[in-house]
Structure formats: structure tokens, C-alpha cells
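# Structural overview for review
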Amino acid sequence: SLHDALPICRLFNIRFFYKKVISRSLSGNIKKIINNINGAYCVAIYVGTECINGKYTLQIMDKDANIIGYAKIAKSENGNKYIINEKETLEYLNKLNLQSGYIPDVVCFDDINSILVQSTKNNLRKDKNKLNIKHINFLSELYQKTKVIYTFKESEAYRHILDIKEDIEDNYIQIIEKVLYKLIYEFDIKEIQYCFSHNDFYTHNIKEYKDSIFVYDWEVASISPIYFDIFHYIYEQKIKRYKNSLEIFIESILNDKYIDRFEENNNIDKSVREPMLIIYLCEIIYNYKFNLKFGYKEE
């Protein structure tokens, strides 16, 4: 049975020391749920980020300190919405029977206490933090199985650009007007393709597993414009991790051989890439500005 104490941290993060922990009592509800998980013996707690989707994540281990799953516990009502979204997303994705990658299963869900327990895999390896064919194969299959087309002026992307224009400072309004002009008249965007997207697809939410990938943390997933996950992976790598300029980020995307492969796999005309990059950048502004998918505002 599960220990009465809840490990908060493991010394040195080494399995040999996993029992030597600072402890506090488990709440009865959490303990009862985890006690019913086959093989559960010990847990370690991680404090989530302090944002609207803030949560505690419990790492569930067996007697040999092998990780057998994760439990997510919402810190607030807003956090609960993200946990419910992840639960529904995992159930939806598992029905798609994806062959090019792996995602967690829902082990159990307690909606009263906002607790989601999901599975993991053994022998996971770190993502190499570089877009590769494993990512492209996974995202291609997700695109093929979930793609949908909207009229551009009836799409969320169009409404988001208008929302930015309404809320932005006067000296930037002309820039947004030029963006809309370019998309509608120069690129002649009448329709826009969407597909189901992770929306935070980057190296910390991906592990290598066997000859493909294991993708987790689906709490902000939704239908998004095509390329969103691909662009976001490169954005996190080029802009956030290595602090490259926006010019380097754009150049990387416009000349990336793996994006070429994505387009070839899915019969997407390469001319779509540039306008979709503009739309992606507007989506990033919208997400940060209106505190929606990423849970905090960019200062």
C-alpha cells in the first residue's frame, strides 16, 4: 500500500535515494485514489507554475522507484478547466489510434477533487531539442486525422487578429491593418486549415520512445491553425531557449527541410507556409495578451 507520507523531493534525484525524502501527510482523497492504482508505492510532488492553469503534479512510483504514472491536481477553478481539457483530450486522441507516436492513457479521473491520473512509459529518453522526422510523422498523422477547413473571415484566427487590433496601442494599429491586408489581398487567404494541436509542443513536453516519440502535457490542446505545433517547437527553440532574433526564427521556418517533409507528406502547397507563419505570430500575441492558452501575460 501507499506510504502514509507524501515525498516532496528525492535527494540527488537518484533512485537509490528515493526513500530519503522530506514528507508531509497525504490528503485522504488523493491517497485513496493513488492507493487504487496498481503498483503504486510512493509519490514525489512537483509544484507547478504559478499561473491560471497552475497545478501540483505527483510522480507515482512503484517499489523499485520506477515511474508508473502522474497525477495532476488543480490549484484553482481555472486550473480545473485545464485538467478537464487534458482528460478529454487524451480520451479523444486515444480513440484516433495514432501509430506514429504515443500519448498517455487516462488511468483515472476524480472530477470532484480535480485529480487526473495518467500513464507514462518506461525507458523514455530526452527529446533532442531539434525538429526531426519523428516529430513530423507524429504531427502529420494528427493533421491527417483531424484536419478541418474554415472560411478565413469566419475563423478564430481572423477574430483574434481583430481583437488584437481593438486592444492594441494606436501606434501599432497600422501594423495589424497591414497584416490583414497582406493576408487577404496579397496572399489571397480565403480559407484556412485547422487541425487538432498540442499548442505547447516543445522539447520539455516530448520524450523519445523506441523509434518514435511520447507526447504529454496536453492541457492547452485544441483545434489550431496548421503548422502551429511545428512553428511553436522552433519558436521555443530559437526565441525562448537560445534568444535568437525574430529574423533568425523566420528564416529557420521558411527554409526548414522537415517542414518541407510535412508539406510533402500532406500535399500542402509550400506557398501556404508564409501566411500561416504570420497567423502563428498573431496567435502568439493573442495568447500572451489575453491570458488564454499559456496562462500568463508577456510583460
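Quick note: structure is the one above.
Residues numbered from 1 in each chain as written. Predicted model: local features only at pLDDT ≥ 70, side-chain atom pairs only at ≥ 80, totals over all residues. Heavy atoms only, no water.

### Quick word on the overall build of the protein chain
Helix and strand counts for the protein chain come out as nine helices and 13 strands. When burial is assessed residue by residue, the protein chain has 48% of its 299 residues classed as buried. The contacts of the protein chain with a sequence gap of at least 6 include a subset with a gap of at least 24, amounting to 66%. (Helix = DSSP H or I, 4+ residues; strand = E, 2+ residues; numbered from the N terminus. Buried < 20%, exposed > 50% of the residue type's maximum accessible area, 1.4 Å probe, protein only. Contact = heavy atoms within 4.5 Å.)

### Quick look at the packing of aromatic side chains
In this structure the tally under the stated criterion is 16 aromatic pairs. For the pair F201 and Y233, a centre-to-centre distance of 6.0 Å together with 50° between the ring planes defines the contact as tilted. Of this pair, F201 sits in the loop between β10 (191–197) and β11 (206–209) while Y233 sits in helix α6 (residues 228–241), and the two are 32 residues apart along the sequence. Grouping residues by exposure puts F201 and Y233 together as buried. Through a chain of ring-to-ring contacts, the aromatic side chains of Y143, Y227, F228, F231, Y235, F249, F262 and Y280 assemble into a single cluster. (Phe/Tyr/Trp six-rings, centres within 6.5 Å; stacked < 30°, edge-to-face > 60°.)

### Describing empty space enclosed by the protein
By rolling a water-sized probe across the atoms, one finds the places where empty space is left. Enumeration according to the criterion identifies one cavity of 30 Å³ or more in this entry. Computed from the structure, the largest cavity encloses a volume of approximately 80 Å³. Around the largest cavity sit L139, L142, Y143, C195, F196, S197, I226, Y227, F228, D229, I230 and F262, which together line it. When residues of the lining of the largest cavity are traced back to their parent elements, those giving at least two are α3 (133–146), β10 and α6. (1 Å grid on protein atoms, 1.4 Å probe; cavity = no way out; pocket = protein on both sides within 12 Å on 5 of 7 lines; lining within 4 Å. Points joined across faces, edges and corners; volume = space filled by probe spheres on them.)

### Structural notes on the nonpolar core
If you look at the biggest cluster of nonpolar residues, it comprises 55 residues, and the most contacted ones within it are F138 and W218. When residues of this core are assigned to their parent elements, the largest contribution, nine residues, is made by helix α9 (residues 273–289). Each residue touching W218, except ones within four places of it in the same chain, is listed here: N85, E86, T89, L90, L93, I103, P104, F138, L142, F196, S197 and H198. The next biggest cluster of nonpolar side chains, apart from the first, holds 13 residues, and it includes I30, I33, A40 and I115. (Core = buried A, V, L, I, M, F, W, Y, C linked by side-chain atoms within 4.5 Å.)

### Quick word on the sheet that holds strand β8 (residues 125–126)
Read across the sheet, three strands follow the order β8-β11-β12 without closing on themselves; strand pairing throughout is antiparallel. Looking along the sheet, the strands with just one partner apiece sit at the ends: β8 and β12 (212–215). In the sheet, β8 pairs with β11 via two bridges, with the strands oriented antiparallel. For R125, the partnering residue across the bridge sits in β11 and is E208. (Pairing = 2+ DSSP bridges.)

### Side note on the sheet that holds strand β13 (residues 222–225)
Reading across from one edge, β9-β10-β13 is the order of the three strands in this open sheet, with antiparallel pairing throughout. The sheet terminates laterally at β9 (148–151) and β13, the two strands that pair on one side only. Strand after strand, the sheet turns through a mean of 40° between neighbouring axes, direction not considered. Where β9 meets β10, four bridges bridge the pair, whose relative direction is antiparallel. Bridge pairing links Y150 to I192 in β10. (Axes fitted to C-alpha atoms, helices over the stretch in contact; angles between N-to-C directions.)

### A look at the pattern of salt bridges
Per the stated rule, a full pass over the model turns up 18 salt bridges. D217 is the salt-bridge partner of K72, the closest N and O atoms lying 2.5 Å from each other. Of this pair, K72 sits in strand β5 (residues 67–74) while D217 sits in the loop between β12 and β13, placing them 145 residues apart in sequence. Linked through salt bridges whose partners overlap, the residues forming this network are K55, K72, E86, D217 and E219. (Salt bridge = Lys/Arg side-chain N within 4 Å of Asp/Glu carboxyl O.)

### Concerning the side chain of S155
Within the secondary structure, S155 is located in the loop between β9 and α4 (156–167). Among the polar contacts made by the side chain of S155, one reaches the main-chain carbonyl oxygen of F152 at a distance of 2.6 Å. S155 has contacts with Y150, I192 and Y194, leaving out every residue within four places of it along the chain. (Polar contact = N/O pair within 3.5 Å; in protein donor to acceptor, adjacent residues only side chain to side chain.)

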